[in-house]
Amino acid sequence: MCPLHHVTLPFWWQYESDGEWESWDIDSILILERAYANPVICTVEIRIGEVIAIIDFPTMTMMEGGHRIRRLSTPPEHGTQFVGSLATSYHWHWEENNNIWHEFPSCVTQGKHSPQLELPSHVIEQTYLRGDSQLNFRISDSDFTLFFGGMQMKELGCSTVRRISRRPIYRTVPQCVGLVVGHDKTTHQYYTLVRDSVEAEWETVRRMLKTNNPVAVKTICSNLLETQFSKRSKSTKTMFLFHPVTEAMTPEGLSQHGLTSADTPTAMKKYGTGIHLAVSEEYAMYFGCNTRAVVAVECVVGRYGRGKPADTQPPLSERGVRFQSCVNNIHNPEVFVLYDVMAVRPRFWISF
């Protein structure tokens, strides 16, 4: 979870005792994590030795504020540090009234004309992680503001103030273990493998390359990534694009975690904040730390529009329909930007 604290799960719970942080037993940790993932739950009872402690999540204390507690976790999914599928995913919620919570996106206003909130959780999360104090958004004719300091949502011209909440998505122990180590059974959902490519795969790689002849090709296999990708590629044509190799990247890591926007080097992010992929391997290698290697990625790009540096999702078309991806040039695209990680599958690690 951090360079100085190593545990077997991507989350961990501790309490303060005599100035030192002590860890709960694994059963208590799982109870706390499952409870904390639900914004409805504000308190929970946990045993510490012979004592029953009442945990208060809003203040992150126990024993009526007498002791602090803390939750440790892997970096957030939309943060700057790459950990792939080991990252902690957060969902945002808003409170209607009387502790009735709704997950974004969801209906905010009430009445006969109740517009649906077009504000995905990941957009809120990215704004929050940038350190912005608030996020303004509009639904139909109503303007809203999220205030991260007080964790509140307010509609302009309305006195009602609603609470908002950021909570992690709960993952079971088998899910966590599978994501960390993969699985050696080829039929298991978390099975991963990196192997030398066979001749037919070499031919596929040679056909996609523009100028270079490879000296080594590794095939990246992952049942989880394949399952996710198949949901996007079922009725859509796919294409191969190239992504730079960065310092933190390995073929084994890609097989377990796939690609996220945090993998794309900052210098390459010119057409949005998503995963940037190049038509040419030379263009991709220019931005990588390893100028003699590149990752070939199978993608579902769908319909695309012109991307801008500040984009956090594909733009809307003239008809108001959101594109699936962005490009640098509509007529002759050299760079594609994708925001849907399920539409991106690393296939080959190519060395020159």
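Residues numbered from 1 in each chain as written. Predicted model: local features only at pLDDT ≥ 70, side-chain atom pairs only at ≥ 80, totals over all residues. Heavy atoms only, no water.

Caption draft 1: Inspection of the overall build of the protein chain at higher detail. Looking only at helices and strands, one finds seven helices and 21 strands in the protein chain. With 352 residues in all, the protein chain has 46% of them scored as buried. The contacts of the protein chain with a sequence gap of at least 6 include a subset with a gap of at least 24, amounting to 57%. (Helix = DSSP H or I, 4+ residues; strand = E, 2+ residues; numbered from the N terminus. Buried < 20%, exposed > 50% of the residue type's maximum accessible area, 1.4 Å probe, protein only. Contact = heavy atoms within 4.5 Å.)

Caption draft 2: Spotlight on the side chain of Ser222. With respect to the helices, strands and loops of the structure, Ser222 is situated in strand S14 (residues 216-222). There is a polar contact of 3.2 Å between the side chain of Ser222 and the backbone nitrogen of Leu225. Within the structure, Ser222 has its side chain in polar contact with the backbone oxygen of Ser255 (distance 3.0 Å). Contacts of Ser222, omitting those with residues within four sequence positions, involve Tyr191, Thr192 and Ser255. (Polar contact = N/O pair within 3.5 Å; in protein donor to acceptor, adjacent residues only side chain to side chain.)

Caption draft 3: Summary view of helix H4 (residues 199-208). For H4, the complete set of buried residues consists of Glu201, Trp202, Val205 and Met208. In a view along the axis of H4, the buried residues occupy a sector of 130 degrees, so they form one face of it. When the buried face of H4 is taken as reference, the exposed residues oriented beyond 90 degrees from it are Ala200 and Arg207. Summarising the contacts, the buried residues of H4 are in contact with strand S13 (192-196), S14, strand S15 (239-244), strand S17 (293-299) and strand S21 (344-351). (Arc of directions from axis to C-beta.)

Caption draft 4: Region of the structure containing the pairing of strand S1 (residues 11-17). Counting buried residues along S1, six of its seven residues qualify, which places the element largely inside the surrounding structure. One ladder, built from five bridges, connects S1 with strand S6 (residues 67-73); its direction is antiparallel. Bridging across to S6, Phe11 finds its partner in Ser73. Note: S1 against strand S2 (residues 20-23), four bridges, orientation antiparallel. What sits directly across from Gln14, in S2, is Ser23. As consecutive antiparallel partners, S1 and S2 are separated by two residues, and within that stretch Asp18 has a phi angle of approximately 55 degrees, a positive value. (Pairing = 2+ DSSP bridges.)

Caption draft 5: Broad picture of the sheet that holds S2. Read from one edge of the open sheet, six strands run S2-S1-S6-S5-S4-S3, paired in antiparallel fashion. Here the strands that pair on one side only, and so sit at the sheet edges, are S2 and strand S3 (43-48). Bridge count for S3 against strand S4 (residues 51-56) is six bridges, and the pairing is antiparallel. For Thr43, the partnering residue across the bridge sits in S4 and is Asp56.

Caption draft 6: Structural view of helix H2 (residues 121-129). Residues of H2 that are buried include every one of Ser121, Val123, Ile124, Glu125, Gln126 and Thr127, and no others. On its buried side, H2 packs onto strand S7 (90-95), strand S9 (134-139), strand S10 (142-147) and strand S12 (161-168). One or two residues past the end of H2 sits Gly131, with phi positive at roughly 90 degrees.

Caption draft 7: Broad picture of unusual backbone geometry. With a phi close to 55 degrees, Asp18 is a non-glycine residue in the positive phi region. Structurally, the position occupied by Asp18 is in the loop between S1 and S2. Since its relative accessible area comes to 76%, Asp18 is described here as exposed. Even without being a glycine, Met60 presents a positive backbone phi close to 50 degrees. Mapped onto the secondary structure, Met60 falls in the loop between S4 and strand S5 (61-62).

Caption draft 8: Focus on the pattern of salt bridges. Applying the stated criterion across every chain, the model contains 13 salt bridges. Between Glu201 and Arg195 there is a salt bridge, with its nearest N and O atoms 2.8 Å apart. We classify Glu201 as buried; its relative accessible area is 13%. Put simply, Arg206 and Glu203 hold a salt bridge, and the shortest N to O gap is 2.7 Å. Here the residue Arg206 and the residue Glu203 both occupy positions in helix H4, the gap between them amounting to three residues, near one helical turn. On the accessibility criterion, Glu203 (33% relative accessible area) is partly exposed. Here the salt bridges share partners, and the residues they tie into one network are Glu226, Glu298, Arg345 and Arg347. (Salt bridge = Lys/Arg side-chain N within 4 Å of Asp/Glu carboxyl O.)

Caption draft 9: Structural view of the environment of Met239. Here Met239 lies in strand S15. Linking Met239 and Val300, residues 61 residues apart in sequence, is a C-alpha distance of 6.7 Å. Contacts of Met239, omitting those with residues within four sequence positions, involve Val297, Glu298, Cys299, Val301 and Phe336.

Caption draft 10: View of the pairing of S3. Burial along S3 is one-sided: the face carrying Val44, Ile46 and Ile48 is buried and the face carrying Thr43, Glu45 and Arg47 is not. Between S3 and S4, which pair antiparallel in sequence order, lie two residues; one of them, Gly49, sits at a positive phi of approximately 65 degrees.

Caption draft 11: Summary view of the side chain of Ser197. With respect to the secondary-structure elements, Ser197 resides in the loop between S13 and H4. Leaving out residues up to four positions away in the same chain, Ser197 has contacts with Trp202, Val217, Lys218, Thr219 and Phe348.

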